[in-house]
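# Observations on the model geometry
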Amino acid sequence: MEENIMNRNCWGSQANSTSLVEENKFCPICNEEGIQVKGITVKHMVIENLIPQVEDDNYYLCLSEKCDIVYYSSNSDFHIEKEQIKVPISFKEDANPKYICYCNRVTEENIVNAIRNEGARNIKDIIRLTGAMKNGKCEINHPTGKCCSPVIQETIDRALGI
């Protein structure tokens, strides 16, 4: 079932979206619950030779840090492993570097350094000091297809001991 939803991008402007992305399914390998991701996101994340195999359907992102599967289809055996993705998936066990803002290649380390060494205390400081969330094209650059601001805030909170 599709419905028209208004989503906000990183800068607060609205964009139409015609797919539901909150439905959960289980990874066929680790059986962990995943989150739905648009096909356009998956197409931009996979290595060049896999692009033709990625359909416009929605996929699921495996959230298990130990599982080698990144994306999988709920209606076929098709799945994509870490080695088939262009960038490290930050929440996967061996990700290096651990990108937080994929659009601008801002890492967890960049954010922690901005807090410890440059006095950052909030998202506004992190944006100013690291360039995170500028020129955002989250739908095609972030593995979830969503804005990184919640993960930036979690990283700030951890670094500040909140």
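Structure: see above.
The notes below deal with the structure included here. (Residues numbered from 1 in each chain as written. Predicted model: local features only at pLDDT ≥ 70, side-chain atom pairs only at ≥ 80, totals over all residues. Heavy atoms only, no water.)

It is worth spelling out the packing of aromatic side chains at this point. All chains considered together, the criterion is met by three aromatic pairs. Ring geometry for Tyr59 versus Phe78: centroids 6.3 Å apart, planes at 65 degrees, classification edge-to-face. Taken together, the positions of Tyr59 in strand E5 (residues 59–62) and Phe78 in the loop between strand E6 (69–72) and strand E7 (79–81) put the pair 19 residues apart, joining distant regions of the chain. On the accessibility criterion, Tyr59 (3% relative accessible area) is buried. Both rings, one in Tyr99 and one in Tyr102, keep their centres 5.5 Å apart while their planes meet at 55 degrees; by these two values the pair is tilted. Given the relative accessible area of 2%, Tyr102 is considered buried. A cation over an aromatic ring shows up here: Arg105 above the ring of Tyr99, its NZ or CZ 5.1 Å from the ring centre. (Phe/Tyr/Trp six-rings, centres within 6.5 Å; stacked < 30°, edge-to-face > 60°. Helix = DSSP H or I, 4+ residues; strand = E, 2+ residues; numbered from the N terminus. Buried < 20%, exposed > 50% of the residue type's maximum accessible area, 1.4 Å probe, protein only. Lys NZ or Arg CZ within 6 Å of the ring centre and 35° of its normal.)

Locating Cys148 in the fold gives a position in the loop between helix H4 (138–141) and helix H5 (149–160). The sequence separation of Cys148 and Cys138 amounts to ten residues, and the corresponding C-alpha distance is 7.6 Å. Residue contacts for Cys148: discarding those within four places in its chain leaves Ile100, Cys101, Met133 and His142. (Contact = heavy atoms within 4.5 Å.)

Before going further, it helps to spend a moment on the side chain of Thr144. Mapped onto the elements, Thr144 comes out in the loop between H4 and H5. Within the structure, the side chain of Thr144 is placed 2.9 Å from the side chain of His142, a separation counted as a polar contact. In terms of polar contacts, Thr144 uses its side chain to reach the backbone amide nitrogen of Lys146, at 3.1 Å. With residues near it in sequence (within four places) discarded, Thr144 still touches Ile35, Val37, Thr41 and Leu61. (Polar contact = N/O pair within 3.5 Å; in protein donor to acceptor, adjacent residues only side chain to side chain.)

Closest axis-to-axis distance for the helix H2 (residues 108–118)/H5 pair is 10 Å, and the angle between their directions is 50 degrees. Comparing their axes, H5 and H2 come out oblique. Like other packed secondary-structure pairs, H2 and H5 cross with a definite hand, here right-handed. Mapping the contact onto sequence places Glu108, Ile111, Val112 and Ile115 in H2 and Ile152, Thr155, Ile156, Arg158, Ala159 and Leu160 in H5. Looking at the contact of H2 with H5 residue by residue, the classes come out as seven nonpolar, one polar and two charged. (Axes fitted to C-alpha atoms, helices over the stretch in contact; angles between N-to-C directions. Parallel < 35°, antiparallel > 145°, perpendicular 65-115°, else oblique. Left-handed = near helix turned anticlockwise from the far one by under 90°. Nonpolar A, V, L, I, M, F, W, Y, C, P; charged D, E, K, R; others polar.)

Pairs can form between side chains of opposite charge once their charged atoms are near each other. In the structure shown here, the tally under the stated rule is seven salt bridges. When the shortest N-O distance is used, the salt bridge between Lys43 and Asp56 registers 2.9 Å. One end of the pair, Lys43, is in helix H1 (residues 39–45); the other, Asp56, is in the loop between H1 and E5, and 13 residues separate them in sequence. The class for Lys43 is partly exposed, based on a relative accessible area of 25%. A salt bridge links Lys82 to Asp68; the shortest N-O distance between them is 3.2 Å. Here Lys82, found in the loop between E7 and strand E8 (99–101), pairs with Asp68, found in the loop between E5 and E6; they are 14 residues apart in sequence, far enough to count as distant. Judged by its relative accessible area of 17%, Lys82 falls in the buried class. (Salt bridge = Lys/Arg side-chain N within 4 Å of Asp/Glu carboxyl O.)

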